[in-house]
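A structural walkthrough
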Amino acid sequence: MTDMPGPVSRLRYPLGWRVMDALERGAGILWPRALHRLTGWLLIAPALLLVAVLCLGLWRIAQGSLHVLDRATFLPAEAYTLENYRTVLDSATYLKIVWRSLSGAFLTVVFTLLLAFPYAYMLVRTPSPFVRKALLAVLFLPFFIGQVVRAYGWLIILGNSGVVNDALGLVGVTPMRLLFSFPTVVFGLVQYMLPFAVLLLAPALTAIPRETEIAAGSLGANWLQVLWHVTLPMARPGLVGAGLVVATLALTDFAMPAMLGGGSQDFIANAVYDQFFRTADQGLGSALALVLVALGSVLVGAVFAAFGAGTLAMGGKR
Amino acid sequence: MEFSPGVRAVDNASFDLQAGRFLTVLGPSGSGKTTLLHMIAGFLKPSGGEIAINGRPVDAVAPHRRSVGMVFQKLALFPHMTAAENVAFPLKMRRWDPRGIPARVAEFLDLVRLGGYRDRRIHELSGGQQQRVAIARALVFEPELLLLDEPLAALDRKLREEMQLEFRRIQKELHVTTINVTHDQREALVVSDEIIVMEGGVIQQYAPPLAIYRQPANAFVAGFVGVSTFLDGVASPAGMRVGGTDCAGRQALPLAEGTPVRGALRAEQISLGPAGDMLAGCDTVLPGRIADMIFEGERLLYIIDSDALPGAEIRIYHHDPTGFDLFEAGAAIRFGWQAQDLKIFKTGRKEPTGGVLQ
Amino acid sequence: MKIHDTGVSRRAILRAGAAAGGTALLGTLPATRLWAQEPQKPAELIVRAWGGEWVEALKRGVSDPFTKATGIAIRHDLTEDNEIQPKVWAAVAQNRVPPIHINWDTTTNATKSALRGVTEDLSDLSNLAGTSELSKPVGLDGYPIVNTYGYVYVLAYRPEAFPDGPPKSWKDLLDPRFKGRIALYNDGIGFHFPAQLAGGGTLADIPANMEPCWEFCRKIKEQSPLLGEDPDFTAWFQNDEIDAACTISTNALAAKRNGVPIAWTVPAEGCKFDTDGLWIPKGLPENELYWAKQYINFAITPEAQQVWLDGLGLPGVVPGLTPPEGLAGDPSYPTKPEDFEHLIRVSAKVQVENESDWFARFKEIMQG
C-alpha cells in the first residue's frame, strides 16, 4: 500500500451507468443530435399514423357514399352520384332519426351534467377519504360491467315483470310500460355517461379552491349564490368539456337505442348499422355515416367557437 | 381544517377587542390562530363559548349573514371576474342599491390605489395588486370586523413590508376593527395596536407591541418575539444562578430560591466590550470569546461562548456600523447586562397571562 | 303454396350428372370407404352458424356425423350472418381466401351474395336428387345456394290473452287492448306480405303496389308495437312484455320449450314462408371446396336432416322425415301440399331487390 496518489485507482462507475452510456451512444448513431429538434415528431409519429389510417378509412367511406347499390348484382354501381345523400335528405325517416339523435344527445348532456355535478362536487369536497373511495368505487363499478350488460340490466329492472313494476304492484299500481321509449333511451344514456362526466368534472372542480367558495360566503353569498356566481362559472371548462364528450358519445351511440328503444327509437348509428349489415347498402350506410361525422364536427366546432379551444385546457388561457 | 379527536386547536381563547383597533394574533403554524379566525368568521363552530361582534352574539349567524370581511391566505379572488366585479360582488350579494354600486366600487378601488385597473382580470394583475383587490373586496361593504388570514405570507419581503404599511394606512383611514393573523413577528409589531401571542391553541400574552417585546409574559413569548439568549439555572435572590455564576435579573413572579428557571436576554440588550472593559452600568459582567459573527446588513450578530455560562449560546446585536470590525472571531471579550433586562421565568410550564389586555 | 313469381323456371333436375364422381354416397357411406382420387382433406372446415339451439342442432345432425365419416373437424363460427356477409364480399373482391368454408344463411341474404357472384354453384351435389323442390332457390339459375329447410313467420300469442281462441286474422291485433303488447321484427320482415293481404291488397301486386301493406302497418303503428330481433321475442314472451308477435316459429317453440305458455297460429291471410340454406363462398382452394361441397351434400341426406331439424322443429327438404314431437300437423311444420295453402312464398330475387325499400318504408312508418 502506498499513499502516493496515482492514476491507477480510476473511479469505478456502476455497471448500470456504463450500460446507459452505451445505449446513449447507440441512440446517438441511430438518431444524431442534429435531428433532436424532430424528436417530438418522432414520438407522435405512431399516433399520427393511426390518425392517417382513420382518415384513409374516412376517405374510402366518402368514396363509397358516392355510389348507389346496384340491386341486380349487389355491387356498388360504377357511376359517381350524390343520390345516396339525396335519399338521406329526402327521407322523413332519416330526418326524424337525425333529429332524435340530436335531441337525445342534448337531453343526455343536460341530465348527465345535472347529476354529475353534485356527484363530482361531493367526490372532490368530502373530507372523508372513505366517502371519496366509496363514491369512486360506485362510479367505476358500472365501467367494468360494460354498456350492453348494463342495458340488459335495465331490461330486467324496468320490464313489465321487473323489479320496479313489482314494487309498484305492491302499492297497487298496475304494471306499466317503462321500457322501449325515447325517455328510456335517454335514461340509459344518462346512466351510461355519468361516470365519464364525473371523471371529467372532478379535475375542474378540484382546481376551484375551497377557499374561494368560503370567501364568497363571507362576502354575503348564500350557498345557491356561491354555486351560481362562483362555482359554476369557475367549473365552466370542466362542464363544457364533459358536455362535449357526453354529447358526442350520445350522438353516436348504438347500444342504448338498440336495446332500450324497443326497435322504434333508432339513432343514426343504428341506421348506419342497418344499411351496412341488414340491407347491405354500403353506399347509403356510408352517406349516413358521413352525415354523423359532419354533425359531430359541427357540434365540436360550434362549442370551440363559442367557448374557445382553451375550454379543454388546450393552449388557451384559463 | 382537520381536527384529531380530543385535540383542541383552540382552547380557552377568550379575549375582548375594542372597536376600531388593529389586533394581530401571532403564533407559529399550528398554534390555532387560523382556526380562531375561521370561528370568528363563522366557517367553523366553536365547541363551546361565545363570539360577539359589537355586543351581539353571532354564534347562530351563518357566515354570509355576519358582517365580517375577510382577506384570505391565498386571496381567493374570483378569476372569472374583473377587479371591479370582484369588489362589487359583496355589494350585490348584500343587496345594496344597484345604482350606488359603481361609485362605491370606484371609491374603494381608489382607496387601495387601483383606480386604473377596474377592468383588469385577476390574472392580469401583479401579486401586490391582487392583494389590494382582496382588501377592497373585504372592506367595500362596511363590515363591522375585518379579518386578515396571513394574506402577506406568500409575498416577497419588500412587497410584504410595503403592504404591511398599506394595511395600516387603510385601517387607520376607515377605523375598521381588524384582526390579523400571522406568524411574522415583524409584521405583528409593525401593523398592530395590540398583539395576541398564541401557542398550542392557548393565548400566551395579550398586550400592545411594545409590552410584548419589552415585557414578555413567559419564555415562549420572549423566544418567539425578537432574538433572545436563554439561560437555564435556578432562582436566586439576585435573579438566577447558572452553574456557579450569579446573574442579575428580574423574576416575573417571586420564586423560591432553587426553583428551576429559564432566563431570557434580548440580543440588543447585551453590552459588549474588549477584554478588561468594565462595561459601566451593567449589573452582571462576564468574560467570553467571539465564536462567530454574522453580518446582516444594518447590524452585526455576534455569537459568544462563555465559560461562566456553560452550554449557553449568547447572541448579541451590534448596531454601530463604525464598530463592525471591532472584534475578530476568537477574540476575548467581556459582555454584560442590566438586571431589568434578564427576564426570569419558571421552567417547565408556560404561564400564559390569558386574554386580558396588559 | 302461393308462389307468385311466375317468371321463374322450375327446372327440377340438373342434378345427377356430376354425381357420378364417386362421392354420391358420401351421405350414407360407411366411415371406412375411401377413394384414392379424393382430393386432400383439410384439417378442418369452418361453418358459420347461428348460436344457441341452432348450432347445437347442426352439430348433432350434420357436423359430428360428418367428422366421424371423414375425419375432418368442423369449426363453427358464430359471427352474425349479416356481419360475415361484408367480410366474405370483401375477401372475394380482393381475391383472398374467404374466412369461412360454408355459410348457413337466410335464403334472402344468400341470394344477395349469389347475385353478387360470390357463391360457388352447387348443382352437382349428388343428394339433391333426393330433395323436394324446396331445396331449389326460387328465381336463381342453378344452385348457388341449397335450401335446407323451411320456416314460417307465425303469429305467436299467449293463450291467456286470447280467451276466445286463437286470433283468426292479423287484423285482430288492432284491438286496443293489445296496445304496446305486440311485437314485430324491427325491419318488418315476415310481416309485409300478410299485412299486404290484411290491408286489402293482393300478392300479385308485390312489389308494384304495396300501399295496402303500408296502410296496415300504419294502423299497427298506432298500437305501439315493440320491434326486435330473434332473441328479443323469446325474452319478451318470457318477461310478459307482449301478448302476440310475428316471429319465426322456432323462437316461439324455444319459448314454449322453456316453459312459457305460448301458442301459434296461421291466420286467415296466411303467413310468410321462407327458407334457410347453405352456400360456399368463392375463392377456396380446390380440395377445400370439394370437401365443403361434401358437407352440404351430407346435410341434405335424410339422416342428417332428421336429427338437425328435430332440434329446430322445422320441416326439411327431403321427404319422409319424422316430425318432431307435437309438431305433426302443426301450421308451423308444413309438409303436405295442403299445409302450404295458407303460406305465402315470394321469390328471393323479388325480395332482395325490394327488401331495402320495404325495410326503409317500414322504418319510416315505425320510427315516425
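Residues numbered from 1 in each chain as written. Chains lettered and ligands numbered in written order. Predicted model: local features only at pLDDT ≥ 70, side-chain atom pairs only at ≥ 80, totals over all residues. Heavy atoms only, no water.

1. Let's talk about the overall build of chain B
Check the secondary structure of chain B and you find eight helices and 19 strands. Viewed in the frame of its principal axes, chain B has a C-alpha envelope of about 75 × 45 × 35 Å. Of all 358 residues assigned to chain B, the portion counted as buried reaches 51%. Looking at chain B alone, contacts between residues at least 24 apart form 69% of all its contacts between residues at least 6 apart. Total accessible area on chain B is roughly 16600 Å²; 51% of this is exposed by carbon and sulfur atoms. Charge centroids of chain B, computed over 39 positive and 42 negative side chains, lie 7 Å from each other. (Helix = DSSP H or I, 4+ residues; strand = E, 2+ residues; numbered from the N terminus. Buried < 20%, exposed > 50% of the residue type's maximum accessible area, 1.4 Å probe, protein only. Contact = heavy atoms within 4.5 Å. Areas by Shrake-Rupley, 256 points an atom, 1.4 Å probe, with all protein chains shown as cover. Lys, Arg positive; Asp, Glu negative; His and termini not counted. Charge placed at Lys NZ, Arg CZ, Asp CG, Glu CD.)

2. Quick word on the overall build of chain C
Per the secondary structure count, chain C includes 11 helices and 11 strands. Taken over 368 residues, chain C has a buried fraction of 61%. Taking as baseline every contact in chain C between residues at least 6 positions apart, the subset at least 24 positions apart corresponds to 76%. When the accessible surface of chain C is summed, it comes to about 13700 Å², and 52% of that surface belongs to carbon and sulfur atoms.

3. Observations regarding the interface of chain A and chain B
Taken together, the contacts link 18 residues of chain A with 24 residues of chain B. On the chain A side of the interface with chain B, the three residues burying the most area are A:E211, A:S218 and A:L219, jointly 39% of the side's total. At the junction of chain A with chain B, the criterion picks out zero salt bridges. Elements supplying a minimum of two residues to the side of chain A that touches chain B: α9 (210-218) and α10 (223-234) of chain A. With seven residues, the top contributor of residues to the side of chain A that touches chain B is α9(A). Here the side of chain A that touches chain B is built from residues that sort into eight nonpolar, seven polar and three charged. (Buried area = accessible area lost by both parts, 1.4 Å probe. Salt bridge = Lys/Arg side-chain N within 4 Å of Asp/Glu carboxyl O. Nonpolar A, V, L, I, M, F, W, Y, C, P; charged D, E, K, R; others polar.)

4. Some thoughts on the nonpolar core
The tendency in soluble globular proteins is for nonpolar side chains to be buried side by side. In this structure, C:W104, C:Y149, C:F191 and C:W308 are the most contacted members of the largest nonpolar core, which totals 197 residues. Looking at this core element by element, the count peaks at 12 residues for helix α4 (residues 92-125) of chain A. Residues B:I53, B:V58, B:V68 and B:I203 belong to the second largest nonpolar core, which totals 26 residues. (Core = buried A, V, L, I, M, F, W, Y, C linked by side-chain atoms within 4.5 Å.)

5. Points about the domain arrangement of chain B
Residue and element names in this part refer to chain B. For chain B, the assigned domains read domain 1 (22-214) and domain 2 (226-346). Using C-alpha coordinates to define each centre, domain 1 is positioned 40 Å away from domain 2. Counting each side, the surface lost to burial between domain 1 and domain 2 is near 420 Å², with a carbon and sulfur contribution of 23%. On the domain 1 side of the interface with domain 2, the three residues burying the most area are Q185, Y213 and R214, jointly 95% of the side's total. Seen at the junction of domain 1 and domain 2, the total is zero salt bridges. The tally of links between domain 1 and domain 2 comes to four residue pairs in polar contact (both at pLDDT 80 or more). Per-element tally for the side of domain 1 that touches domain 2: the top contributor is helix α7 (residues 209-214), with three residues. Split into classes, the residues belonging to the side of domain 1 that touches domain 2 amount to two nonpolar, one polar and one charged. (Domains from an automatic or database assignment. Polar contact = N/O pair within 3.5 Å; in protein donor to acceptor, adjacent residues only side chain to side chain.)

6. Examining empty space enclosed by the protein
Rolled over the atoms, a probe with the dimensions of a water molecule shows which regions are left empty. Residue and element names in this part refer to chain C. What the rule picks out here adds up to three cavities of 30 Å³ or more. In this structure, the largest cavity is lined by 13 residues; those nearest its centre are D274, T275, R345, V346 and A348. When contributions to the lining of the largest cavity are tallied by element, the ones reaching two or more residues are α4 (107-116), β10 (271-279) and α11 (348-367). Here the lining of the largest cavity takes three residues from β10, the largest share from any one element. Here the lining of the largest cavity is built from residues that sort into five nonpolar, six polar and two charged. Counting contributing residues per domain, the lining of the largest cavity is built from domain 1 (41-151 + 274-331) and domain 2 (152-273 + 342-367), each supplying no fewer than three. Its boundaries defined by the atoms lining it, the second largest cavity holds a volume of some 60 Å³. Forming the walls of the second largest cavity are I189, G190, H192, F193, K272, Q351, E355, W358 and F359. (1 Å grid on protein atoms, 1.4 Å probe; cavity = no way out; pocket = protein on both sides within 12 Å on 5 of 7 lines; lining within 4 Å. Points joined across faces, edges and corners; volume = space filled by probe spheres on them.)

7. A few points about unusual backbone geometry
The omega angle of the peptide bond from C:I206 to C:P207 is 5°, so this bond is cis rather than trans. Relative to the helices and strands, C:P207 resides in the loop between α5 (192-198) and α6 (211-221). Unusually for a residue other than glycine, B:E142 sits at a positive phi of about 55°. Among the secondary structure elements, B:E142 is positioned in the loop between α4 (127-139) and β5 (145-149). Taking relative accessible area as the criterion, B:E142 reaches 53% and is therefore assigned exposed.

8. Some points on the interface of chain A and chain C
On the chain C side, the residues contacting the 29 residues of chain A number 33 residues. Between chain A and chain C, a total of about 2700 Å² is buried, with carbon and sulfur atoms accounting for 46% of that surface. Considering only the side of chain A, the residues that lose the most area to chain C are A:R71, A:F74 and A:R278, jointly responsible for 26% of the buried surface there. Our count for the chain A to chain C interface comes out at two salt bridges. Note that C:K363 is salt-bridged to A:D274, the shortest N-O span being 2.4 Å. For the pair chain A and chain C, the interface holds three residue pairs in polar contact (both at pLDDT 80 or more). Those elements giving two or more residues to the side of chain A that touches chain C turn out to be β2 (75-76), α4 and α13 (268-278) of chain A.

9. Description of a nonpolar patch on the surface
On the surface, a cluster of nonpolar side chains totalling about 580 Å² of accessible area is made up of A:L35, A:L38, A:W41, A:L43, A:I44 and A:L48. The topology assignment puts A:W41 in helix α2 (residues 39-64). (Patch = residues over 30% accessible without salt bridge, like charges linked within 9 Å, V, L, I, M, F, W, Y side chains within 5 Å.)

10. Some points on the pairing of strand β11 (residues 245-248) of chain B
All names here are of chain B. Alignment of strand β10 (residues 239-242) against β11, held across four bridges, turns out to be antiparallel. What sits directly across from V242, in β11, is T245. Turn length for the β10-β11 hairpin, with the two strands adjacent in sequence and antiparallel, is two residues, and the turn residue G243 shows positive phi of about 60°. (Pairing = 2+ DSSP bridges.)

11. Quick word on the packing of α10(A) against helix α11 (residues 236-251) of chain A
Residues and elements named next belong to chain A. With their axes 4 Å apart at the nearest point, α10 and α11 run at an angle of 60° to one another. Between α10 and α11, the angle is such that the two are oblique. Residues L232, P233 and M234 of α10 lie in contact with α11, whose contacting residues are R236, P237 and L239. Of the residues assigned to the contact of α10 with α11, the class counts are five nonpolar, no polar and one charged. (Axes fitted to C-alpha atoms, helices over the stretch in contact; angles between N-to-C directions. Parallel < 35°, antiparallel > 145°, perpendicular 65-115°, else oblique.)

12. A few points about the pattern of salt bridges
As a working rule, side chains carrying opposite charge can pair if their charged atoms are close by. Under the definition given, this model contains 41 salt bridges over all chains. Taking the shortest distance from any N to any O, the salt bridge between C:R158 and C:D243 comes out at 3.1 Å. Taken together, the residues C:R158 in the loop between β5 (146-157) and β6 (182-185) and C:D243 in the loop between α7 (230-238) and β8 (244-248) connect sequence positions 85 residues apart. The shortest N-O distance in the salt bridge between C:K336 and C:D339 comes to 3.8 Å. On the accessibility criterion, C:K336 (41% relative accessible area) is partly exposed. On the basis of relative accessibility, which here comes to 23%, the residue C:D339 falls in the partly exposed class. One network of salt bridges, with partners in common, ties together B:R113, B:R132, B:E162, B:E166, B:R169 and B:E173.

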